[in-house]
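Residues per chain are reported as follows:
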Amino acid sequence: MAIAFDRDRGMAMLSLMVRSRLFEQKVEALFSSHEMHGTTHLAIGQEAVHAGVSPALDPDDWIVTTHRCHGHTLAKGSSVEAMLAEFFGLSNGLAKGLGGSMHLLDLEHHNAGSSAVVGSGVALATGMALQLKRMDSPNLVVAFFGDGASNRGVVHESMNMASIWGLPVLFLCEHNLYGMSSCADEMVSVDSIAKRGVAYGIESRSVDGNDIEVVYAAVQDAAAYMHKEGKPYLLETKTYRFSGHSKNDQRVYRTREEERVWSRKDPIKILRDRMVSRGHLTEEQFKRLEFQEQTVLDEIAEHLIKQRHELTLDEAYSYMYADGGSR
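The rules we used
- Residues numbered from 1 in each chain as written.
- Predicted model: local features only at pLDDT ≥ 70, side-chain atom pairs only at ≥ 80, totals over all residues.
- Heavy atoms only, no water.
- Axes fitted to C-alpha atoms, helices over the stretch in contact; angles between N-to-C directions.
- Helix = DSSP H or I, 4+ residues; strand = E, 2+ residues; numbered from the N terminus.
- Parallel < 35°, antiparallel > 145°, perpendicular 65-115°, else oblique.
- Left-handed = near helix turned anticlockwise from the far one by under 90°.
- Contact = heavy atoms within 4.5 Å.
- Salt bridge = Lys/Arg side-chain N within 4 Å of Asp/Glu carboxyl O.
- Buried < 20%, exposed > 50% of the residue type's maximum accessible area, 1.4 Å probe, protein only.

1. A closer look at the packing of helix α4 (residues 80-87) against helix α12 (residues 283-307)
Reasoning step 1: α12 packs onto α4 with a crossing angle of 40° between their chain directions and a minimal axis gap of 10 Å. By the angle class used here, α4 and α12 are oblique. When you trace α4 past α12, the crossing you get is right-handed. Residues Val80, Glu81, Leu84 and Ala85 of α4 pack against Leu297, Ile300, Ala301, His303 and Leu304 of α12.

Here it is, written out as structure tokens:
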């Protein structure tokens, strides 16, 4: 069941979703203009999941993300500047410029990091949950994964282990309908990934991942259950990525009509329209919010471009090895 945000909560959540959307659009533009190098995986259209999960948790709860990790990282509290610096390969980036777009971590904000290996973060989160239980910690770990990763053996092994040992891990599936270019209808044996949790004795639920009020409430409910019962939980959020799998994906495997249908379910538009109808926001205020977020983002990007320098091999080794770089 959804909750209705008050004005302050609604503005905070709307701002976070807008920041995530504009951040990824900026990153896409910087890669296209060759200001950034490597590759990137965007989650434009999935902002209600990113922004709806971490704010519903205790600040000391942990997350382990996926290669599509920008929104998760922003929502957990990381700075835009530190994230962009990482993408530019700068030493003031979240991983000293060594990780890039797919490998973001921020231990200060209880983000244990992401991996390009599909599904691998789920095992890491499960191990972290085991240690939290051993420490009698009141906190939990969120293991983000997608519908594609739901077919990986390590995900099933982790759910089985978490169920047997009663580990505080929230398995959070972002079901965006596609694993790379493969439609989930052709690759996943069930119509709802939440059904897979039942087989492992895990309380499971599937919700609308484009409605941030629904996501927020569902995460709060899951966390309350986990604290009371001492068991894991599987939450499936059904959403849609407007962008391709990665920066060179032309999306030939799906129709433009399908994309138009989902564009009418834009999570930012859903919350914006609700707040307008509740008298919490005007169209002019929303435009001002977008302008302010874009201005800050542009200024940070321009500043980083001017100070950018190539990371030397010696610098990289000095960050990687405890002895300061001897090799």
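2. Quick look at the pattern of salt bridges
Reasoning step 1: On inspection of all chains with the given rule, the structure shows 16 salt bridges.
Reasoning step 2: Asp221 is the partner of Arg205 in a salt bridge, and the nearest nitrogen-oxygen pair spans 3.5 Å. Linking Arg205 in strand β6 (residues 203-208) with Asp221 in helix α9 (residues 212-229), this pair joins segments that are 16 residues apart in sequence.
Reasoning step 3: Since its relative accessible area comes to 41%, Asp221 is described here as partly exposed.
Reasoning step 4: Here Glu259 and Arg251 are joined by a salt bridge, their closest N and O atoms 2.5 Å apart.

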